[in-house]
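Here's the letter readout for the chains.
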Amino acid sequence: MALMLKGARLVDPQVGLDEVADLLIDEGKIARVGNGLDAEGAEVRDMAGKIIVPGLVDMHVHLREPGYEEKEDIASGTRAAAHGGFTAVCSMPNTDPVTDDAEVVGYILKRAKEVGKCKVWPSGACTKDLAGDTLSEMGHMYALGVRAFTDDGHGIQDSGMMRRVMDYAAQFDCVVVAHCQDNGLVGEGQVNEGVVSTRLGMLGWPAEGEELEIARDIALSRLTGTPLHIQHISTARGLDLVRAAKAEGLKVTCEVTPHHMFLTEDAIGDDYPTALKVNPPLRTAEDAAALIAGVADGTIDAIVTDHAPHTAWEKDREFELAPFGMTGLETSLGLVLTNLVGKGVIDMNRLVELMAVNPRAILRQEPVRLEEGSAADLTVIDPSAAWTVEADGFCSKAANSGFIGWELTGRASDVYVDGVATLEAGNVVE
Amino acid sequence: MTDERTVKSICMDEAEIERAMTRIAHQILEFNKGAENLALVGIVTRGDLLAKELAEKIKEIEGIEVPLGKLDISFYRDDYLTHFAPEVHSTDILFDIDGKTIVLVDDVLFTGRTIRAALDALMDIGRPAAVQLAVLVDRGHRELPIRADYVGKNVPSSHNESVRLFLKDIDGTTAVEILDVPEGGRIGSAPLSKNGGE
Amino acid sequence: MAFSHKHLIDITEYSADDLMLILETAKRFKEVNERRIKKVPTLKGFTIVNMFNEPSTRTRSSFEIAEKRLSADSLNFGGSSTSTVKGESLVDTVMTLCSYKIDLIVVRDKHAGVPRKIADVSGVSVIDAGDGKHQHPTQALLDLYAIWEKKGGFDNLHVGVVGDIGHSRVCGSLVPALKTMGCEVTLIAPPTLLPARPDVLGADHVSCHIDEVLPELDVVYMLRIQRERLEGAPYPSLREYNRLYGLTREREHLMKPDACICHPGPINRGVELDSYMADHPERSIILDQVYAGVLVRMAALYLLLGGSNDGLDA
């Protein structure tokens, strides 16, 4: 049966739409967009006061399956995605076995189809076993639809190997996605090098360890012509490197996480909060301000979460032994609405670009537009919902969020994937 | 603190204290047949000052300077947890107590627990030939089998009163006073720290 | 004077008054330590766990002596024989210890932040006996005590700390403590051994030239240099380190006549410190530091266990 979403504010910069109108879904696609649509034979849902945007995409998510199902699995991870307002996620390849061949990609796609609550676009490893020494079977994975290759987690240390990856990837319509970390500089670094590393007596993870590799990978993109996407950028100078590459006309894009924008190293107190142990580390207030400016001025292309679930016991231990990463799928939209849109840093159109349009473009996926014929992947936002981030309020198996206790305004109320509701009135549809 | 207590009565004034101290000095000398092999150890903070006064009197009477020391019992208290006063005073016994007759000096004898602690402390320092006890006031209410050998004055008191010695050098006036302690207030004489740390 | 601390974990939480109270109390314990019977019954019935998850002989024995002289019952827990090797988590280990109804945990761990974690989990008093590269507050206290006894106070003292500052938990506590007491502090080290932000520790000056600074110093605090493998080491050789930063006999003429020498031990003779300087009868207070270790640890135990129950006094 057709579904009529009535009276919401529809926002889609791709088609220059930002007005209150009705939207009719039929057969998994957007059938009509307009005012006073005839709802004959359709189920009507009143969406007054809500905002409907093209379905949000989180292009940096650790679903953990196969291999680490105690942290998260495809069922729980995609439910967390739906709960957070996402219609699709790009999963990272650091699974066990590593997502470095067609078999693992096939497994993820199959599981996502069986138990998923959003679309899952797996990324593939650039090198076998993420070991940085042998090319993975990119062609096999490409044939299954993989469009992004990454050695997320630590990056490719050897410059010659990174060049080989990018040279080889150039034959496919894909993007090489880079986690920028020079292990020679980073070593066992735990927190940003500077005030916090000195105060807490832990090894520093210097900004230069990230910036050096951003510069290298930009140079290799120039050399090979392969599109490059920089992951979770965290420093002001790293962002300047991307800005310069874009000005030069290189095919370079980048992403930022809410935690690198809204948290800083100053939040890491003497209680050694492991929830705030992330890679790259939380940086200075100046860096965070520069990232927010980069989001506003267009230098940053996408907001992602780097959703990195861990079990409670893994995080409830010595800071230096706890794993890096925090969850993000279920807080990202609320944080962006509260701290960027709510404060006038960006408007809803820009949010749609950052969280829906650009991720699809970077991942070479079919665009979703609020127009007739487009897939009905939609996120309905309640912009005025006030809520508090609580440890027991997640659909994810994990609660290692750095934002517990934050009071936010705005969240997803409904999500449709190919016209099928995955989230209704804030609850995941089973 | 003094302002929490009401002075009920003054049971010894300066002159009376002076006379009592003189008497105790004579009694010590009489009992021990002189000042030979004698040493005085006062318990801080008050007993040490009384011990000093006794030493001076003994010198006046007998012409002998007896060794004088002071003892802090903070590390020996049995109420460390409930009556913790962080300020520890120094123990100063610069002579060998082995084989000596030690006269322990304190201001007010009450439950006996302070003296118990002082005896333990003394035994850890050496092996005196004998230990005797001199107090300015015995107010009763003993909780341990301890009695004084020399007493300035017996002052019957009720359990919820505090009997306290004030001395000119520290307090501006010399007297033994009985004070009312409000319910829940600390009864007893020690420890008394400079800032009223009780 | 009030003392309201339950833990000794972060020395920056202690005021100058707090630190002085510990030093004054330590001085009282000196009298106890110089008797034939070097023991008082103060902590009779208290149970203290020495949880040393990293090898340590000096610090642990100093704590053990302090505990025994206060009549506390102590349990040594840690090393290769314990659960950490069996894969038990820190939290589980601490919960297990707490089931024994203990009163205080002294902890040494190679990971920064562990004492705070234990304090949060256990609810008992915790003394940090060195955590990773973070802090070592009782070491700082014994240093303060030795300097206080030698110099009579802290006013107008200029202290130079020489050596591996960036990886030193000793510095993490000592430098802030010296600043709290009003000293001027200069850090002297090759840039490879300095922390990212010396100013965060509170240092007033940083220098790579010991000869330039030495004439200004009242106290020269030499840190132990790690005799590590040379590959990846922060200095090319021990002999070059000795030449550039060692407190050698040849450098003595640069020192103030009354400048004293400290070292947390164990000493690498001939590397950071010549034997002549280490054993210097007027200048070296290194053994005084070791003795002070027992005194300040007794004081800390006495004050923390008493202080933790402050308020029960009706």
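Computed from a prediction, not measured in an experiment: that's the story for all the values here.

Reading guide: rules and limits
- Residues numbered from 1 in each chain as written.
- Chains lettered and ligands numbered in written order.
- Predicted model: local features only at pLDDT ≥ 70, side-chain atom pairs only at ≥ 80, totals over all residues.
- Helix = DSSP H or I, 4+ residues; strand = E, 2+ residues; numbered from the N terminus.
- Buried ≥ 20, exposed ≤ 12 C-beta atoms within 10 Å, placed from the backbone.
- Contact = placed C-beta atoms within 7 Å.
- Pairing = 2+ DSSP bridges.
- Domains from an automatic or database assignment.
- Nonpolar A, V, L, I, M, F, W, Y, C, P; charged D, E, K, R; others polar.
- Axes fitted to C-alpha atoms, helices over the stretch in contact; angles between N-to-C directions.
- Expected span 1.5 Å × (residues − 1).
- Core = buried A, V, L, I, M, F, W, Y, C linked by C-beta atoms within 7 Å.
- Right-handed = clockwise from strand over helix to strand, strands pointing away.
- pLDDT = per-residue confidence, 0-100.
- Parallel < 35°, antiparallel > 145°, perpendicular 65-115°, else oblique.
- Left-handed = near helix turned anticlockwise from the far one by under 90°.

Chemist: Outline the overall build of chain B, supporting the account with residue identities and numerical values.
Modeler: The helix and strand tally for chain B stands at 4 helices and 8 strands. For chain B, the sequential pattern of α-helices and β-strands runs β-α-β-α-β-β-α-β-β-β-α-β. Counting over 198 residues, chain B shows a buried share of 41%. Contacts in chain B between residues at least 24 apart in sequence constitute 71% of all its contacts with a sequence separation of at least 6.

Chemist: Any chance you could break down the overall build of chain A for me, citing the residues and the numbers?
Modeler: Of the regular secondary structure elements, chain A holds 13 helices and 19 strands. Taking the principal axes of its C-alpha atoms as reference, chain A extends roughly 65 × 50 × 40 Å. Across the 430 residues of chain A, 58% fall into the buried class. Partitioning the intrachain contacts of chain A with sequence separation of at least 6 by distance along the chain shows that 75% fall at a separation of at least 24.

Chemist: Give a description of unusual backbone geometry that names residues and reports values.
Modeler: The peptide bond linking B:V44 to B:T45 adopts the cis configuration, its omega dihedral lying at 0 degrees. Of note, B:T45 is situated in the loop between β2 (38-43) and α2 (47-62). The residue after C:G265, namely C:P266, is reached through a cis peptide bond having omega -10 degrees. On the secondary structure map, C:P266 appears in the loop between β9 (260-262) and α11 (275-278). The phi dihedral of A:D129 is positive, around 60 degrees, even though this residue is not glycine. Of note, A:D129 is situated in the loop between β8 (119-122) and α3 (138-143). Phi is positive for A:D418, close to 50 degrees, though the residue is something other than glycine. Mapped onto the fold, A:D418 is located in the loop between β17 (407-417) and β18 (420-424).

Chemist: Please give an account of the sheet that holds strand β15 (residues 302-303) of chain A that cites residues and values.
Modeler: Sheet strands pair by backbone hydrogen bonding; their relative direction is either parallel or antiparallel. All names here are of chain A. In space, the 5 strands of this open sheet follow the order β9-β10-β13-β14-β15, with parallel pairing throughout. Looking along the sheet, the strands with just one partner apiece sit at the ends: β9 (148-150) and β15. In this sheet, strand β10 (residues 175-178) lies alongside β9 in parallel orientation, the contact comprising 3 bridges. Counted as the bridge partner of A148 is V175 from β10.

Chemist: Give me the domain arrangement of chain A: which residues, what numbers.
Modeler: For interface size, the figure often reported is the accessible area lost on association. Residues and elements named next belong to chain A. Domain boundaries in chain A define domain 1 (2-52 + 373-428) and domain 2 (55-362). Using only C-alpha atoms to locate each centre, domain 1 and domain 2 end up separated by 26 Å. With 32 residues of domain 1 at the interface, the matching set in domain 2 holds 41 residues. Residues belonging to the side of domain 1 that touches domain 2 are distributed by class as follows: 18 nonpolar, 9 polar and 5 charged.

Chemist: How would you sum up the sheet that holds strand β6 (residues 56-61) of chain A? Please name residues and give values.
Modeler: Residues and elements named next belong to chain A. One open sheet holds the 3 strands; their spatial order is β6-β7-β8, and the pairing between them is parallel. Strand pairing shows two members of the sheet lacking a second neighbour, β6 and β8, which therefore form its edges. Ignoring strand direction, the axes of neighbouring strands in this sheet form an average angle of 20 degrees. Direction of pairing for strand β7 (residues 86-91) relative to β8: parallel, over a ladder of 4 bridges. Residue pairing in the sheet places A88 in a bridge with K119 of β8. Together, β7 and β8 form the strand contacts of helix α2 (residues 102-115), whose direction differs from that of β8 by roughly 175 degrees.

Chemist: Give me the lowdown on the interface of chain C and chain A, citing residues and values where you can.
Modeler: With 22 residues of chain C at the contact, the number on the chain A side is 20 residues. Of all elements in the fold, only α4 (90-98), α5 (114-122), α7 (169-180) and α8 (198-201) of chain C reach the threshold of two or more residues within the side of chain C that touches chain A. The dominant element in the side of chain C that touches chain A, judged by the number of residues it contributes, is α5(C), at 4 residues. Each residue belonging to the side of chain C that touches chain A can be placed in one class, and the counts come to 8 nonpolar, 7 polar and 7 charged.

Chemist: I'd like to hear about α2(B), residue by residue, with values.
Modeler: Residues and elements named next belong to chain B. In a regular helix each residue adds 1.5 Å, so 16 residues correspond to 22 Å; α2 covers 22 Å between its end C-alpha atoms and thus fits that length. As for α2, its buried residues are in contact with α1 (14-31), β2, β3 (68-71), β4 (101-109) and β5 (130-138). One or two residues past the end of α2 sits G63, with phi positive at roughly 75 degrees.

Chemist: Mind laying out the pairing of strand β1 (residues 3-12) of chain A, listing which residues take part and the relevant values?
Modeler: Each regular strand carries side chains that alternate between the two faces of the sheet. All names here are of chain A. Pairing between β1 and strand β4 (residues 43-46): 4 bridges, direction parallel. The residue of β4 that forms the bridge with M4 is V44. If you look at the hairpin formed by β1 and strand β2 (residues 17-26), you'll find 4 residues sitting between the two strands, and G16 has a positive phi there, around 65 degrees. With 2 bridges connecting them, β1 and strand β5 (residues 51-54) associate as parallel partners. Note that in β5 the partner of L10 across the bridge is I52.

Chemist: Can you explain the nonpolar core? Please cite residues and give values.
Modeler: Buried together is how nonpolar side chains tend to be arranged in soluble globular proteins. Residues and elements named next belong to chain C. Membership of the largest hydrophobic core comes to 149 residues, with the highest contact counts inside it found for I105, Y145 and V161. Considering every element that reaches this core, the biggest residue donor is helix α12 (residues 286-307), with 13 residues. There are two domains that each give this core at least three residues, and those are domain 1 (11-135 + 292-305) and domain 2 (137-290). Setting aside chain neighbours within four positions, we find Y145 in contact with L23, A26, A292, L295 and V296.

Chemist: Break down the pairing of strand β3 (residues 104-109) of chain C for me, citing the residues and quoting the values.
Modeler: All names here are of chain C. With 6 of its 6 residues buried, β3 lies for the most part within the structure. By the alternation rule, side chains of β3 split into L104, V106 and R108 and I105, V107 and D109, which are all buried. In this sheet, β3 lies alongside strand β1 (residues 47-52) in parallel orientation, the contact comprising 5 bridges. The residue of β3 that forms the bridge with F52 is R108. When β3 meets strand β4 (residues 125-131), the two strands line up parallel, connected through 5 bridges. Paired with V106 across the two strands is I127, which belongs to β4. Following the chain from β3 across α5 to the adjacent parallel β4, one finds a crossover that is right-handed.

Chemist: I'd love a proper account of the arrangement of the chains, names of residues and values included.
Modeler: By contact count, the dominant pairing among the 2 pairs of chains in contact is that of chains A and C. Separated in space, chain A and chain B share no contact, their closest pair of C-alpha atoms being 27 Å apart.

Chemist: So what about helix α7 (residues 207-224) of chain A? Which residues, and what values?
Modeler: Residues and elements named next belong to chain A. In this model, α7 (18 residues) spans 26 Å end to end at C-alpha, consistent with the 26 Å of a helix rising 1.5 Å per residue. All of the buried residues in α7 are A207, G209, E210, E211, E213, I214, D217, I218, L220 and S221. Residue G225 follows α7 closely and has a positive phi angle near 80 degrees.

Chemist: I'd love a proper account of the confidence of the model for chain B, names of residues and values included.
Modeler: Residues and elements named next belong to chain B. Counting all residues, the mean pLDDT for chain B is 85, and 84% of those residues have values of 70 or more. pLDDT under 50 marks residues 189-198. Its contacts with residues more than four places away, or in other chains, come to 18 contacts. Scored as a whole, the predicted complex attains pTM 0.89, and scored at its interfaces, ipTM 0.89.

Chemist: Break down the environment of C:P137 for me, citing the residues and quoting the values.
Modeler: Residues and elements named next belong to chain C. Summarising the element assignment, P137 is placed in helix α6 (residues 137-151). What makes P137 buried here is the crowd of 32 C-beta atoms within 10 Å. In sequence terms P137 and I127 are 10 residues apart; their C-alpha atoms lie 8.3 Å from each other.

Chemist: Can you explain the packing of α4(C) against α5(C)? Please cite residues and give values.
Modeler: All names here are of chain C. Interaxial distance between α4 and α5 falls to 10 Å at its minimum, and their mutual angle equals 50 degrees. With respect to each other, α4 and α5 are oriented oblique. Two packed elements cross with a definite hand, and for α4 against α5 that hand is right-handed. The residues of α5 that touch α4, namely those facing L90, V91, V94, M95 and C98, are V114, K117, I118, V121 and S122. In the contact of α4 with α5, the residues fall into 8 nonpolar, 1 polar and 1 charged.

Chemist: So what's going on with the environment of C:L8? Residues and values would help.
Modeler: Residues and elements named next belong to chain C. Mapped onto the fold, L8 is located in the segment before α1 (16-33). Put simply, L8 and A300 are 292 residues apart on the chain and 7.8 Å apart in space, counted from C-alpha to C-alpha. Those residues within four positions of L8 in sequence are excluded, and the remaining contacts are I127, D128, P137, T138, A300 and L304.

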